[in-house]
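Next come the chains, spelled out residue by residue.
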Amino acid sequence: MDHVVLTGDRPTGPLHLGHYFGTLANRVALQDSHTMYVLIADYQVITDRDLPGEIQRNITELLLDYLAIGLDPARVTIFQHSAVPELNQLLLPFLSLVSVAELQRNPTVKDEIAHSSQQAVSGLMFTYPVHQAADILFCKGTLVPVGKDQLPHVEVARLVARRFNERYGPVFPVPEAMMGVRPLLKGLDGGKMSKSRGNAVHLSATEDETAALIRKARTDAERLITYDEERRPEVANLLTLGGLCLGRSPESIAEEIGDGGAAALKRLVTEAVNEFLRPIRKRRREHTEADVRQVLREGNERARERAIVILDEVRAAMGF
Ligand code: ATP
Ligand code: MG
């Protein structure tokens, strides 16, 4: 089937291995055969913090990460929320299609509230899954490569598409989520690997920074390395990371290390990660800030053209 693929990231910091194995690898795999939009979700930065922070710097870094992993801007439309007002306008009719109770039940929103540093929860925090429905549907997206934490949000987009079609006639396809080889990669502290939680291996980190981060990861005192997610989650997590980067099972790595202990495990994982990221890091250095800004300008224009057409269709369906 011919898909329209939509996915994206918040410009809150550098991309990490969780992104890679959760969604980025799928994007690269899909870009040749499908229409693809990649969104820099700048408005969503202020869902869980008061100020957007170093937003321009973060956007540039995100663009560099995209080019580094091999996204091809000639085939993929890379754009940002704040440059496409027609996308954001879809939030109004879409909010009318969901209940407050449905918004309050969203498990990912609850988790993000728990990790937020804000004193009070903003209205945007509750409504951003509906904003994400606008992200997906503004281009009639049908396939959404995301990590596991995003599944409830894709569910909201499906609900919005179905309800809109029921009320106003058939306008939107019902999109589907697509998960990567590791839909929820854990960070070096055992929680979800996350840009905002200081527990992530950044694609753009240096080899030394990567080594230092892995050295700090928690392990246990048993010398014999085994893969046991229940009993030894920290060790299992490192084995998983190494396995993903080497394209091997975590069990086979545990066997290879045997009774070498945590030090040998960390050495192996560090090498595996740095080796895996070497070509990505090299490609990153081949692009300038001016290059990536141009990519974004062109992407914003293309996305906006699409959004204008869809918003017109929505308004017509609603009788406005
Ligand atoms: P933040 O902490 O600022 O929210 P994040 O690391 O959660 O950052 P997002 O920009 O929110 O990153 O998510 C971008 C995409 O990457 C989403 O599709 C999300 O599901 C996926 N993703 C994020 N973290 C992981 C992870 N640890 N494992 C797999 N996929 C992930
Ligand atoms: Mg997130």
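Definitions and limits used
Residues numbered from 1 in each chain as written. Chains lettered and ligands numbered in written order. Predicted model: local features only at pLDDT ≥ 70, side-chain atom pairs only at ≥ 80, totals over all residues. Heavy atoms only, no water. 1 Å grid on protein atoms, 1.4 Å probe; cavity = no way out; pocket = protein on both sides within 12 Å on 5 of 7 lines; lining within 4 Å. Points joined across faces, edges and corners; volume = space filled by probe spheres on them. Helix = DSSP H or I, 4+ residues; strand = E, 2+ residues; numbered from the N terminus. Nonpolar A, V, L, I, M, F, W, Y, C, P; charged D, E, K, R; others polar. Phe/Tyr/Trp six-rings, centres within 6.5 Å; stacked < 30°, edge-to-face > 60°. Near = heavy atom within 4 Å. Polar contact = N/O pair within 3.5 Å; in protein donor to acceptor, adjacent residues only side chain to side chain. Areas by Shrake-Rupley, 256 points an atom, 1.4 Å probe, with all protein chains shown as cover. Sits in = over half its atoms within 2 Å of the grid points. Buried < 20%, exposed > 50% of the residue type's maximum accessible area, 1.4 Å probe, protein only. Contact = heavy atoms within 4.5 Å. Salt bridge = Lys/Arg side-chain N within 4 Å of Asp/Glu carboxyl O. Domains from an automatic or database assignment. Buried area = accessible area lost by both parts, 1.4 Å probe.

1. Focus: the layout of surface pockets
Then, in step 1: Computed from the structure, the largest pocket encloses a volume of approximately 860 Å³.
Then, in step 2: The wall of the largest pocket is formed by 47 residues, among which Glu112, Asp149, Gln150, Lys192 and Lys195 lie closest to the centre.
Then, in step 3: Here the element with the most residues in the lining of the largest pocket is helix α1 (residues 17-30); it accounts for five residues.
Then, in step 4: Class assignment for the residues of the lining of the largest pocket results in 13 nonpolar, 20 polar and 14 charged.
Then, in step 5: In this structure, the second largest pocket encloses a volume near 200 Å³.
Then, in step 6: As for the second largest pocket, its lining consists of 14 residues, and the residues nearest its centre are Glu102, Asn106, Pro152, Val156 and Leu159.
Then, in step 7: Looking at the lining of the second largest pocket, the elements that each hand over two or more residues are α5 (100-105), α7 (123-137) and α8 (151-168).

2. Description of the packing of aromatic side chains
Then, in step 1: What the rule picks out here adds up to 10 aromatic pairs.
Then, in step 2: Between Phe94 and Phe172 the ring centres are 5.6 Å apart and the planes differ by 80°, which places this aromatic pair in the edge-to-face class. A residue pair is termed long-range when its members are at least 10 positions apart, and Phe94 in helix α4 (residues 91-95) and Phe172 in the loop between α8 and β5 (176-179) qualify at 78 residues.
Then, in step 3: Taken together, the aromatic side chains of Phe94, Phe164, Tyr168 and Phe172 make up a single cluster linked through ring pairs.

3. Regarding the site of ligand 1
Then, in step 1: As a matter of local geometry, ligand 1 sits amid 22 residues, with Asp149, Lys192, Ser194, Lys195 and Ser196 nearest to it.
Then, in step 2: His19 is positioned with one of its side-chain polar atoms (N or O) 2.9 Å from an oxygen atom of ligand 1.
Then, in step 3: At 2.9 Å, a backbone N or O of Met193 approaches a nitrogen atom of ligand 1.
Then, in step 4: A total of 600 Å² of accessible area belongs to ligand 1 in isolation, and the protein chains cover 96% of it.
Then, in step 5: According to the grid-proximity analysis, the pocket containing ligand 1 is the largest pocket.
Then, in step 6: Per-element tally for the shell around ligand 1: the top contributor is α1, with four residues.
Then, in step 7: For the shell around ligand 1, the class distribution of residues is five nonpolar, 11 polar and six charged.

4. Quick word on the environment of Pro175
Then, in step 1: Locating Pro175 in the fold gives a position in the loop between α8 and β5.
Then, in step 2: Given a relative accessible area of 0%, Pro175 falls into the buried group.
Then, in step 3: Along the backbone, Pro175 and Ala133 are 42 residues apart, and their C-alpha atoms lie at a distance of 9.6 Å.
Then, in step 4: Apart from residues no more than four positions distant in its own chain, Pro175 is found in contact with Ile136, Leu137, Gly141, Thr142, Val144, Val154, Ala157, Arg158 and Ala161.

5. Comments concerning the environment of Tyr227
Then, in step 1: With respect to the element layout, Tyr227 can be found in the loop between α9 (207-216) and α10 (233-246).
Then, in step 2: For Tyr227, a relative accessible area of 21% gives the class partly exposed.
Then, in step 3: Separated by 80 residues in sequence, Tyr227 and Gly147 have C-alpha atoms that sit 23 Å apart.
Then, in step 4: If we skip the residues at most four places from it in the chain, Tyr227 touches Ala236, Leu239, Thr240, Pro250, Glu251 and Ala254.

6. Things to note about the pattern of salt bridges
Pairs may arise between side chains of opposite charge once their charged atoms sit close together.
Then, in step 1: Tallied over the full model, the rule gives 25 salt bridges.
Then, in step 2: Here Asp9 and Arg27 are joined by a salt bridge, their closest N and O atoms 2.9 Å apart. Residue Asp9 is located in strand β1 (residues 4-9), and its partner Arg27 is located in helix α1; the two are separated by 18 residues in the primary sequence. Neither residue differs from the other here; Asp9 and Arg27 are each classed as buried.
Then, in step 3: By sharing partners, the salt bridges in this structure join Arg57, Glu61, Asp65, Arg284 and Glu289 into a single network.

7. Focus: unusual backbone geometry
Then, in step 1: In this structure, Lys140 is a non-glycine residue whose phi angle is positive, near 55°.
Then, in step 2: Within the secondary structure layout, Lys140 lies in the loop between α7 and β4 (143-146).

8. Quick look at the domain arrangement of the chain
Then, in step 1: The domain architecture assigned to the chain consists of domain 1 (4-182 + 288-318) and domain 2 (207-284).
Then, in step 2: At the interface, 12 residues of domain 1 touch 11 residues of domain 2.
Then, in step 3: Taken together, the two surfaces of domain 1 and domain 2 that pack against each other cover about 1000 Å², and 66% of this comes from carbon and sulfur.
Then, in step 4: If you look at where domain 1 meets domain 2, you find three salt bridges.
Then, in step 5: A salt bridge links Asp65 to Arg284, with the shortest nitrogen-to-oxygen separation between them at 2.9 Å.
Then, in step 6: Joining domain 1 to domain 2, the criterion identifies three residue pairs in polar contact (both at pLDDT 80 or more).

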